[in-house]
Amino acid sequence: MPRVGLDPAAVVAAGAALADEVGFANLTMGSLAQRLGVRTPSLYKHVGGQEDLNRRIAALALSEAADAVGGAVQGYAGRDALAAAARAFRAFVVEHPGRYAATIGVEPSGPDDPLATAGQRLLGAFTAVLRGYEIRESDADHALRTLRSLCHGFATLQAANGFQWSADIDDSFEWLIDFADRALRAEP
């Protein structure tokens, strides 16, 4: 009989929170079971194993990131939209480094996979940012990959305490936003 209050969503949420605390690479079914106060086999009533848990955490993270970025860009265009999206994405990754790490390299199994749905929502938020620039349709994928690389790289380095020198991190991030804005405006 499943434990009262424990369901797939609760297990995934607890796994995501634990991944943020200990690092995604250190998340195991055993450590999650211990956190939830159950025996490891009890988790299999809610998730299909470690791979299923990882995929569900990735889908949750993509959905949460899509909500954060999509909400942040509402009502903005151009540099303002770019800055809002970049700041929201950075804040999400820094606050949730473990669950964000789950999203790297995971492939959707098909168009109805929650990973695909959430990934498309996040991509849509960044695509909305590009509407404020004169990006050729043939260059849209390149622009999206560039934005993702800039934001991902900065945020994951910051989350891993990778900026050890004296310059203010927020100032550096604003410099990155200005850099990306100039590059996108120069694109035609």
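Residues numbered from 1 in each chain as written. Predicted model: local features only at pLDDT ≥ 70, side-chain atom pairs only at ≥ 80, totals over all residues. Heavy atoms only, no water.

1. Some words on the layout of surface pockets
At step 1: If you add up the space inside the largest pocket, you get close to 700 Å³.
At step 2: Along the wall of the largest pocket there are 22 residues; nearest its centre are L62, G119, L122, L123 and R148.
At step 3: Going through the elements one at a time, α7 (114-130) and α8 (140-159) are the ones with two or more residues in the lining of the largest pocket.
At step 4: When residues in the lining of the largest pocket are grouped by element, the largest group, seven residues, is from α7.
At step 5: When its residues are assigned to classes, the lining of the largest pocket shows 14 nonpolar, four polar and four charged. (1 Å grid on protein atoms, 1.4 Å probe; cavity = no way out; pocket = protein on both sides within 12 Å on 5 of 7 lines; lining within 4 Å. Points joined across faces, edges and corners; volume = space filled by probe spheres on them. Helix = DSSP H or I, 4+ residues; strand = E, 2+ residues; numbered from the N terminus. Nonpolar A, V, L, I, M, F, W, Y, C, P; charged D, E, K, R; others polar.)

2. Re the packing of helix α4 (residues 50-73) against helix α5 (residues 78-95)
At step 1: Taken N-terminus to C-terminus, the directions of α4 and α5 make an angle of 150°; their axes are 8 Å apart at the nearest point. One way to sum up the angle between α4 and α5 is to call them roughly antiparallel. In the packing of α4 onto α5, the handedness of the crossing is right-handed. Along the contact surface, α4 presents A61, E64, A65, A68, V69, A72 and V73, while α5 presents A81, A84, A85, A88, F89 and F92.
At step 2: Among the residues forming the contact of α4 with α5, the class breakdown is 12 nonpolar, no polar and one charged. (Axes fitted to C-alpha atoms, helices over the stretch in contact; angles between N-to-C directions. Parallel < 35°, antiparallel > 145°, perpendicular 65-115°, else oblique. Left-handed = near helix turned anticlockwise from the far one by under 90°. Contact = heavy atoms within 4.5 Å.)

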